[in-house]
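What the coordinates show
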Amino acid sequence: CRSHTMKPLLPLLLALAAVLVVGTDAASVRVEPDVTATISQLVTEKGYTFEVHHVMTKDGCDLSVFRVRDPAFGSKKLPAVLLQHGILDSADAWVLNSAWESLAFIAASAGYDVFLGNSRGNKYSTGRTQYSPNSHEYWDWTWDQMAFFDIPAVVDAILQVTGQPSLGLVCHSQGCTQTIGMLSRDGFNGTELMAPKINALAALAPVCFLAHCKSLLVRGAADIGADQLLKILGVDQFLPNSTFLSDLLPAFCSLAPPICDSVIWMIAGDTQQHLNKTRLPVYMSHFPSGTSTIDVCHWAQTVRQKDYAMYDYGESGNMRAYGQKTPPQYDLSRFPTSVKLGIFTGALDDLADVKDVATLLANLPPTAITMHQQFSSYGHLDFTWGDSAYVDVYPQVLALLNMGKP
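Here goes a summary of the coordinates provided. Along each chain, the written sequence defines residue order, and numbers are assigned to residues from 1. Note on the predicted model: pLDDT of at least 70 is required for a residue's local features to be given, and 80 or more for side-chain atom pairs to be given and counted; whole-chain, interface and lining totals, by contrast, use all residues. Think of the side-chain values as coming from all heavy atoms in the structure, minus any hydrogens and water.

Comments concerning the pairing of strand 4 (residues 113-116)
Exposed residues in this analysis have more than 50% of their type's maximum accessible area, buried residues have under 20%, and partly exposed residues fall in between, with area computed by a 1.4 Å probe over protein chains only. Here a strand is any run of E in DSSP of at least two residues, a helix any run of H or I of at least four, and the numbering for each starts at the N terminus. Neither face of strand 4 is exposed, since Asp113 and Phe115 on one face and Val114 and Leu116 on the opposite face are all buried. Pairing between strands requires that DSSP locate at least two bridges from one strand to the other. For strand 2 (residues 62-69) and strand 4, the ladder comprises 3 bridges, and the chain directions are antiparallel. Paired with Val68 across the bridge in strand 4 is Val114. Here strand 3 (residues 80-84) runs beside strand 4; their pairing, made up of 4 bridges, is parallel. Paired with Val81 across the bridge in strand 4 is Val114.

See the structure below:
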């Protein structure tokens, strides 16, 4: 990892900032309205319609899916697109900037019926509802289950609601981990065929391999075994959304921006050159949104094992789960060439490192890649929060989606 003089002081800085926040007259801190806005407010205040749909997965998770439409199209049947966020994030990621900068609104105004997915266990979706939220079983899943259960269930639900035969999909970060994983095992061992239902996939900062990852959170968890420690301690939920965080982090960002930068650096790296720093309080009031500890453990395994594989339960656990001593690999050579695939990456991405992206590209069928572009100044979060993505990235995303329209 790179050398950062202030980053190791993060815990001390957070403590000092907390004292500063507590000792500051609240009236003296200007609060951006979007900091406290709900996602419904973020959408409707910009003139778009908002609906909430609930999708139940086969293993018992209740996923909230949000529908965004431009009322200019009335009730007209429109091509559908699903936007799937990354790790520790939520559907909020696609609506946090202005109407002309946020992909959800851009796609809706371009004539798409837009659906925003939420991964299991974040602030909008549940874990396995047949168990208590305080139990280990409620949180016993990784992005494997998101790939096998969540994306198929959400896609099927959207197609049923819209009456479309297929949809476009835009993923970011772990949203791509699960979607690419699902498609690489499409129809395997009798699983449902999903490729005919997805006409185009725009992968923003896709994470499949992590051998060269520089994220302090992921690399640190892998190197020092923090993931295993959390499991031993029985910590099942990781960085959940809470009133404490959603109130405190925006205050940090307003009063001490370096603190806020440090939180982002820990997760995604310090090379987010296209973020509007004045909106950091907004971003951090909606992020992080939580996941399971075992999901983070899976990422740490991917760093250590340098592969793209299912979760490793150990030899005996793997025999029970998979019928073999080692976890199955996601075979990227099986990625369906019928899906128009666009891969959009950043040269400064510390989480989806360019070398790991090169490994992904090398393992996909050459004929599967319709479009690939690397942006020289983009980091991991620039693809969703960046204030120039609407100029640099999203026109190409829309072009790819238009290629796949049913």
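Quick look at the packing of aromatic side chains
Here is the rule: rings of Phe, Tyr and Trp (six-membered ring for Trp) pair when centre to centre is within 6.5 Å. Planes less than 30 degrees apart are stacked, more than 60 are edge-to-face, and the remainder are tilted. Applying the stated rule across the entire model yields 17 aromatic pairs. Centre to centre, the rings of Trp139 and Trp141 are 6.0 Å apart; their planes meet at 35 degrees, and the pair counts as tilted. In terms of burial, Trp139 and Trp141 fall into one category: buried. On the basis of an interplanar angle of 70 degrees and a centroid distance of 6.0 Å, the ring pair of Phe375 and Phe383 is categorised as edge-to-face. Owing to a relative accessible area of 7%, Phe375 belongs among the buried residues under this scheme. Three or more aromatic residues link up through ring pairs in this structure, and these residues are Trp143, Phe148, Phe209, Tyr308 and Tyr330.

Some points on the environment of Arg279
Here Arg279 is to be found in the loop between helix 10 (257-268) and helix 11 (280-285). Given the relative accessible area of 13%, Arg279 is considered buried. Considering only alpha carbons, one finds Arg279 and Asn97, 182 residues apart in sequence, at a separation of 8.3 Å. When sequence neighbours within four positions are dropped, the list of residues in contact with Arg279 reads Glu32, Asp34, Leu96 and Asn97. Contacts are assigned to residue pairs that have any heavy atoms within 4.5 Å of one another.

The values are spatial; any link to function lies outside them.
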